[in-house]
Amino acid sequence: MSTTTYLIDVSVTISIIFLILFYVYYKYNSTKSEMDKIAEKTDYVDTGSYFRDAIGGKNKSIGMSAFLLNDAKSIGVRYIITSIIFFFIAGTFGVIMRVSLVEPTPTLFLNRTVLYDILTTQHGLLMIYMWALGSALGFSYYLLPTFLKVKKDSMGGYSSAAYWIYILGGIFILLSRTSTRWYFYPPLSLNLNPYNAGGFNWLAVLGMEMIFVGVVIAAIVVIKMIIMDRDENVKIEQMPLFAWAVLFTLIMLVASAPFFMLGLAMTFYDFFNPIFFVSSSSSPLSFTEMFWIWGHPIVYIAILPQFGLIYEIIPKFTGNKIYSYASGVLALGLLMPLSELVWGHHLLNSGFGLEWGLFFTTASFLVVIPSAITVFNYIATLWTSPKIRLTVPMLFVVNGIFDFIIGGITGVIQSNLVLNEVLHGTYWVTGHFHFIFLGITTGIAFAVIYMLFPSLTNGRKYNVRLAHWHFTLTAVGSFIMSMGWTIGGFYGMPRFVAGYFARFQAFQDTAILGGVIVGVAQLFFLANIFVTYSKAPSIASSNALEDAYNLPAIESGGE
Amino acid sequence: MAERTISSGILFGVVIIILMFGGLYYMLSAPTTLNGGLIESSSMSYTKTVNVTLYANALGWDYGIKGDTVNPTINVTAGTRIIFTVIEDDTAPHTLTIADSSKESSTHLTLITTSQLTTTIGHTVVASYIFDKVGPWTYWCEIHPTTMFGTINVLPAAKTSAQVNSNSQLNPGQIGISHNTVNSLNSIFQDLLDSSGALVA
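Position numbers for residues count from 1 along each chain, tracking the sequence in the order it is written. Naming scheme: in the order in which they are written, chains are lettered from A and ligands are numbered from 1. Restriction of local features to residues with pLDDT of at least 70 applies here, the model being predicted, together with a cutoff of 80 or more for giving and counting side-chain atom pairs; totals for whole chains, interfaces and linings are based on all residues. Calculated side-chain values reflect all of the structure's heavy atoms, with hydrogen atoms and water omitted.

J.: So what exactly am I meant to see when it comes to the overall build of chain A here?
T.: A run of H or I in DSSP counts as a helix once it spans at least four residues, and a run of E counts as a strand once it spans at least two, with each numbered from the N terminus. Within chain A, the secondary structure is distributed over 19 helices and zero strands. Burial status across chain A gives 60% buried among its 559 residues. Note on definitions: a residue-residue contact is assigned when non-hydrogen atoms from the two residues lie within 4.5 Å. Of all intrachain contacts in chain A linking residues separated by at least 6 positions in sequence, the fraction that spans at least 24 positions is 80%. Total accessible area on chain A is roughly 21500 Å²; 69% of this is exposed by carbon and sulfur atoms. Exposure categories follow from relative accessible area, calculated using a 1.4 Å probe and restricted to protein chains: below 20% of the type maximum is buried, above 50% is exposed, and the middle band is partly exposed. Each accessible area is a Shrake-Rupley result for a 1.4 Å probe, and residues are judged covered by the shown protein chains and nothing else.

Rendered as structure tokens:
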């Protein structure tokens, strides 16, 4: 097939998507204008919340109505739905990628190893931007109005627009079949040749830019929600730790996103007139620096909200308060500036000088301090609790702390200026961040989804046996997979390649075993949805995370 | 209400499964052959070898090298292997891209990429290609497609075999390279360049 055919395919797909969106918008707008008239008559402050209340109380469950309503809860549900969908899409890519490495010589992708590059890129981009960032934004939108007792939703229209821009950007990235890795380094990203699957790199860059626009708008709305829409009774010094975590995360996001947005815009210009990164007076290294000023904070953006969520989950299953609220806030606050200063440790091998290398190595070691404060805070809370109820969300939390310790230590080791010469570009790095992303990002996200299950499914209990299988296989599989990579990487196993030297086969096969186990584990989650929905709702559609914040207000005669 | 929520949850799961396999199918059906079969296989044989030297300049291939002419037309017979020697002549990035039609085509093959040919003046990159298909071919620079644009005529082997000596250096007289004259705008640019060069010197 030629490029023209692909262009036609893509344009037809996009046109259909736009048609659907326009129809949905038309239906929504015509309903909303009627509702707005009624809301004005009945003296509602915010028309969006009237819309929500009129359709049937606080709408929280999974369904199409979440895509039509503009209140914070519905937008949170939207983000959660799409992040789960993209998690499964990108997860499938990951498992197929793993399976293709069963032999040192490419088997599944023989003579078309570019498919491996595409799958790597898509797996990374979708997991980071659509799953980690999407689920974090979803939980923020969903939980913060309750945590902060927000009386009225505002800026719902902006949030909704931001969501649609964001999701369209994700779809563009999926359609682009780009193989630039998630770095978009030129000159590879400037390659518009259909071979190497670079034909639609421009679409990926455009999609990336749209994701940024959406996420930054959403971040500003949520920051405004935390700072300005809080109830007067919720003092900022008594704010839930999750709100602090989201606040620091989003400030970090807004502060560091412009660098990469600008870099992408310059890349896009370079498609037509390459003056920025590949001309005689410029260097691709300048792009890598613009990328990593954003690229390191995004890694923290993917875990900081989850740190906050751990602080919220632990008290529910241990029965005592967080050991030290102040040190929790301090640690989260320290992680924000420190993670902005360590981006250079991704470029220690690029030759930007020993002084910079020493600076970034030292700064990377400093990140240990707030991370250790956080982890010790968790451990102290667990240690001092009279009894720990090891339900599925709590198991995910304990496993997350365990994985974070391993992932954190491997991360500090590789930021060493000398060891980085050896470990750079090996599977050690992959192992390091999969420990953290599978343990903290994915694990805690599923813990929260299980805790919100009655609300999200409109009053259904999840099947505990299937959930236990989901947890056990995820924990065991991710440990086997990441450990295989970490050890293999220490022996020099290079990452990002579709084949490998035969002496690494033991490590690769270990990782394949783990990867397939992780993949199968997620099918148990999928099965859980089917099993749960095959039964009628049996319990109240409240959830443990939000109830704790609803109760005291009623006791003290709030509202 | 109950029936509606049941279907929405099941729908969610079904959508996930469909998108999992749909996404995988979409990714695995990505184009992996080089530009619609323009790649030369390792078993392809060739009868002659022709050397072509091209100076890569944003104002036109061979700009200012062979008088006032740019973008030479190259005539070869089918089965000829052309060894392109591309020399950077200005400081702009260039590619050498070919297609088997009389104009730029989506099924093209970039023989020399921007990352191979650096922007240092005088940098030389050699690439070769066996022209098997009879008909007009096009070569151009993907970055400057409006100025750096020329034709390769691949003629049937029997008729013109006498015209080409194997392993010979291609020169204008031998195989009838025709040249386009530089348009006046380019001359003005060249004058400007010359004067600025004189000023710097």
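J.: Explanation requested: the overall build of chain B in the structure shown.
T.: Within chain B, the regular secondary structure consists of four helices and eleven strands. Evaluated residue by residue, chain B yields a buried proportion of 45% over its 201 residues. Taking all contacts inside chain B whose residues are at least 6 apart in sequence as the whole, residues at least 24 apart take part in 73%. With the model as given, the accessible surface of chain B reaches about 9700 Å², and the carbon-plus-sulfur share is 60%.

J.: What is the right way to read the sheet that holds strand E3 (residues 74-77) of chain B from this model?
T.: Residues and elements named next belong to chain B. Pairing between strands is defined by DSSP: at least two bridges between them are needed. Within the open sheet, the five strands sit side by side as E3-E9-E8-E5-E6. Their pairing is mixed. Because the sheet does not close on itself, it has two edges, and the strands there are E3 and strand E6 (108-112). Adjacent strand axes in the sheet meet at a mean angle of 25° when their direction is disregarded. For helices, the fitted axis covers only the stretch in contact; all axes are lines through C-alpha atoms, and the angles between them, taken along N-to-C directions, range from 0 to 180 degrees.

J.: Where do I start with the side chain of Asn-399 of chain A in this structure?
T.: Tracing the backbone shows Asn-399 of chain A in helix H13 (residues 392-414). Setting aside residues no more than four positions away along its own chain, Asn-399 of chain A makes contact with Phe-471 and Ala-475 of chain A.

J.: Where do I start with the packing of aromatic side chains in this structure?
T.: Residues and elements named next belong to chain A. Under the pairing criterion, centres of Phe, Tyr and Trp rings, with the six-membered ring standing for Trp, must be within 6.5 Å; the plane angle then separates stacked pairs below 30 degrees from edge-to-face pairs above 60, leaving the rest tilted. In this structure the tally under the stated criterion is 64 aromatic pairs over all chains. Judged by centre distance (5.1 Å) and plane angle (85°), the rings of Tyr-79 and Tyr-163 are edge-to-face. Of this pair, Tyr-79 sits in helix H3 (residues 72-99) while Tyr-163 sits in helix H5 (residues 156-176), and the two are 84 residues apart along the sequence. You can call Tyr-79 buried: its relative accessible area is 0%.

J.: Is there a simple way to think about the packing of helix H15 (residues 427-451) of chain A against helix H17 (residues 464-490) of chain A in this case?
T.: Packed helix pairs are specified by the crossing angle of their axes together with the interaxial distance, meaning the distance between the axes. Residues and elements named next belong to chain A. At their nearest, the axes of H15 and H17 sit 7 Å apart, and the two run at 165° to each other. What the angle tells us is that H15 and H17 run roughly antiparallel. Considering how the two elements wind past one another, H15 and H17 form a crossing that is left-handed. Listed contacts from H17 to Tyr-427, Trp-428, Thr-430, Gly-431, His-432, His-434, Phe-435, Leu-438, Phe-446 and Tyr-450 of H15 are Ala-467, His-470, Ser-478, Phe-479, Met-481, Ser-482, Met-483, Trp-485, Thr-486, Gly-489 and Phe-490. When grouped by side-chain class, the residues that make up the contact of H15 with H17 number twelve nonpolar, nine polar and no charged. Each angle receives one of four descriptions, namely roughly parallel if under 35 degrees, roughly antiparallel if over 145, roughly perpendicular if within 65 to 115, and oblique otherwise. Rotating anticlockwise by less than a right angle from the far helix to the near helix defines a left-handed crossing, while the corresponding clockwise rotation defines a right-handed one. Classification used: nonpolar for Ala, Val, Leu, Ile, Met, Phe, Trp, Tyr, Cys and Pro, charged for Asp, Glu, Lys and Arg, polar for all others including Gly.

J.: I'm lost on the pattern of salt bridges in this one. Help?
T.: A side chain with one charge can pair with a side chain of the opposite charge if their charged atoms come near. By convention in these notes, a salt bridge is any Lys or Arg side-chain nitrogen within 4 Å of a carboxyl oxygen on Asp or Glu. This model, assessed by the stated rule, comprises three salt bridges over all chains. Note that Asp-229 of chain A is salt-bridged to Lys-224 of chain A, the shortest N-O span being 3.4 Å. Lys-224 of chain A carries the same exposure label as Asp-229 of chain A, and that label is buried. A salt bridge links Lys-133 of chain B to Asp-100 of chain B; the shortest N-O distance between them is 3.0 Å. Of the two residues, Lys-133 of chain B is situated in the loop between strand E7 (124-131) and strand E8 (135-140) and Asp-100 of chain B in the loop between strand E5 (96-99) and E6; the sequence distance between them amounts to 33 residues. Assessed through its relative accessible area of 43%, Lys-133 of chain B is described here as partly exposed.

J.: Where do I start with helix H1 (residues 3-41) of chain A in this structure?
T.: Helical periodicity: at 3.6 residues per turn, an α-helix aligns residues three or four positions apart in one direction. Helices are assigned an expected span. That span is 1.5 Å times one less than the residue count. In a regular helix each residue adds 1.5 Å, so 39 residues correspond to 57 Å; H1 of chain A covers 56 Å between its end C-alpha atoms and thus fits that length. Of the residues making up H1 of chain A, those classed as buried are Thr-3, Tyr-6, Val-10, Ile-14, Tyr-28, Lys-32, Met-35, Asp-36 and Ala-39 of chain A.

J.: Would you mind going over the nonpolar core with me for this structure?
T.: Inside soluble globular proteins, nonpolar side chains tend to come together where they are buried. Among buried residues, the Ala, Val, Leu, Ile, Met, Phe, Trp, Tyr and Cys ones that are joined through side-chain atoms within 4.5 Å form a nonpolar core. Within the largest apolar cluster, 172 residues are counted, with the highest numbers of intra-cluster contacts made by Tyr-129, Phe-139, Phe-260 and Trp-294 of chain A. The element best represented in this core is helix H4 (residues 114-147) of chain A, accounting for 20 residues. Ignoring sequence-local partners within four residues, the contact set of Tyr-129 of chain A consists of Gly-134, Tyr-166, Trp-182, Met-208, Ile-211, Phe-212, Phe-260, Trp-294 and Ile-298 of chain A. Within the second largest apolar cluster, 28 residues are counted, among which are Ala-56, Val-125, Cys-141 and Ile-143 of chain B.

J.: Just checking my understanding: could you explain a nonpolar patch on the surface for this structure?
T.: Among the surface-exposed residues, Ile-8, Val-12, Ile-16 and Ile-20 of chain A lie close enough to one another that they form a single nonpolar patch of about 360 Å² accessible area. Relative to the helices and strands, Ile-20 of chain A is located in helix H1. The patch calculation keeps residues exceeding 30% relative accessible area without a salt bridge and links them within 9 Å when they carry like charges or within 5 Å when they are nonpolar (Val, Leu, Ile, Met, Phe, Trp, Tyr).

J.: For this particular structure, what's the right way to read the interface of chain A and chain B?
T.: It is common to give the size of an interface as the accessible area that goes away when the parts come together. Tallying the contact residues gives 40 residues for chain A and 35 residues for chain B. Put simply, buried area is the surface a 1.4 Å probe can reach on two separate parts but cannot reach once they are joined, added for both. In this assembly, chain A packs against chain B so that about 3500 Å² is buried in total across both faces, 74% of it on carbon and sulfur atoms. Polar contacts here mean pairs of N or O atoms no more than 3.5 Å apart (in protein, one a potential hydrogen donor and the other a potential acceptor; neighbouring residues in sequence count only if both atoms are side-chain atoms). Counting across the interface, chain A meets chain B through three residue pairs in polar contact (both at pLDDT 80 or more). Of all the elements in the fold, those that place two or more residues in the side of chain A that touches chain B are H1, H3, H4, H5 and helix H18 (505-533) of chain A. Element by element, the count of residues in the side of chain A that touches chain B is highest for H3 of chain A, at eight residues. Here the residues of the side of chain A that touches chain B are counted per class, giving 27 nonpolar, ten polar and three charged.

J.: How do you make sense of the environment of Met-336 of chain A when you look at a structure like this?
T.: Residue and element names in this part refer to chain A. In this structure, Met-336 sits in helix H10 (residues 325-341). A sequence separation of 86 residues divides Met-336 from Leu-250, and the C-alpha atoms of the two residues are 9.7 Å apart. In contact with Met-336, not counting residues within four places along its chain, are Phe-248, Ile-251 and Met-252.

J.: What is the right way to read the environment of Thr-49 of chain B from this model?
T.: Residues and elements named next belong to chain B. You can see Thr-49 is positioned in strand E1 (residues 48-56). Given a relative accessible area of 12%, Thr-49 falls into the buried group. Each C-alpha atom, one on Thr-49 and one on Val-76, is 9.7 Å from the other, the two residues being 27 residues apart in sequence.

J.: Quick question: what am I supposed to make of the packing of H1 of chain A against H5 of chain A here?
T.: Residues and elements named next belong to chain A. Relative orientation of the contacting elements H1 and H5 amounts to 160°, with a least axis distance of 12 Å. By the angle between their axes, H1 is roughly antiparallel relative to H5. Of the two elements, H1 crosses H5, and the hand of that crossing is right-handed. Residue-level contacts link Thr-13, Ile-14, Ile-17, Phe-18 and Leu-21 of H1 to Trp-164, Leu-168, Ile-171, Phe-172 and Leu-175 of H5. Looking at the contact of H1 with H5 residue by residue, the class counts come to nine nonpolar, one polar and no charged.

J.: Sorry if this is basic, but what is going on with the confidence of the model for chain B here?
T.: Where the model shows low pLDDT, its predicted coordinates should not be examined in detail. All names here are of chain B. Scored by pLDDT, chain B has a mean of 75; 68% of the residues are at 70 or more. Note that pLDDT drops below 50 for residues 1-5; the model gives that stretch four contacts with residues more than four away or on any other chain. For every residue, the predictor reports its confidence as pLDDT, a number between 0 and 100. For the stretch residues 160-183, pLDDT sits under 50, and the model shows 48 contacts to residues farther than four places along the chain or on other chains.

J.: Can you help me understand H5 of chain A in this one?
T.: All names here are of chain A. Look at H5: 30 Å from first C-alpha to last across 21 residues, which is about the 30 Å you get at 1.5 Å a residue. Most of H5 sits out of view: 15 of its 21 residues are buried. Immediately downstream of H5, the backbone of Arg-177 shows phi near 50°, a positive value.

J.: For this particular structure, what's the right way to read the pairing of E5 of chain B?
T.: Two faces make up the sheet, and in a regular strand the side chains alternate between them. All names here are of chain B. The side-chain alternation of E5 yields two buried faces, one formed by Leu-96 and Ile-98 and the other by Thr-97 and Ala-99. Where E5 and E8 come together, three bridges link them in antiparallel fashion. When the bridges of E8 are listed, Thr-97 appears paired with Trp-140.

J.: In this structure, what is going on with unusual backbone geometry? I would like to understand it.
T.: Excluding glycine, residues mostly carry a negative phi; peptide bonds, for their part, are mostly trans. A cis amide bond links Pro-186 of chain A to the next residue, Pro-187 of chain A, at an omega of 5°. In this structure, Arg-177 of chain A takes a positive phi of about 50° despite not being glycine. Among the secondary structure elements, Arg-177 of chain A is positioned in the loop between H5 and helix H6 (201-227). Judged by its relative accessible area of 3%, Arg-177 of chain A is buried. Of note in the backbone geometry, Asp-62 of chain B takes a positive phi value of approximately 65° without being a glycine. Structurally, Asp-62 of chain B is set in the loop between E1 and strand E2 (69-70).

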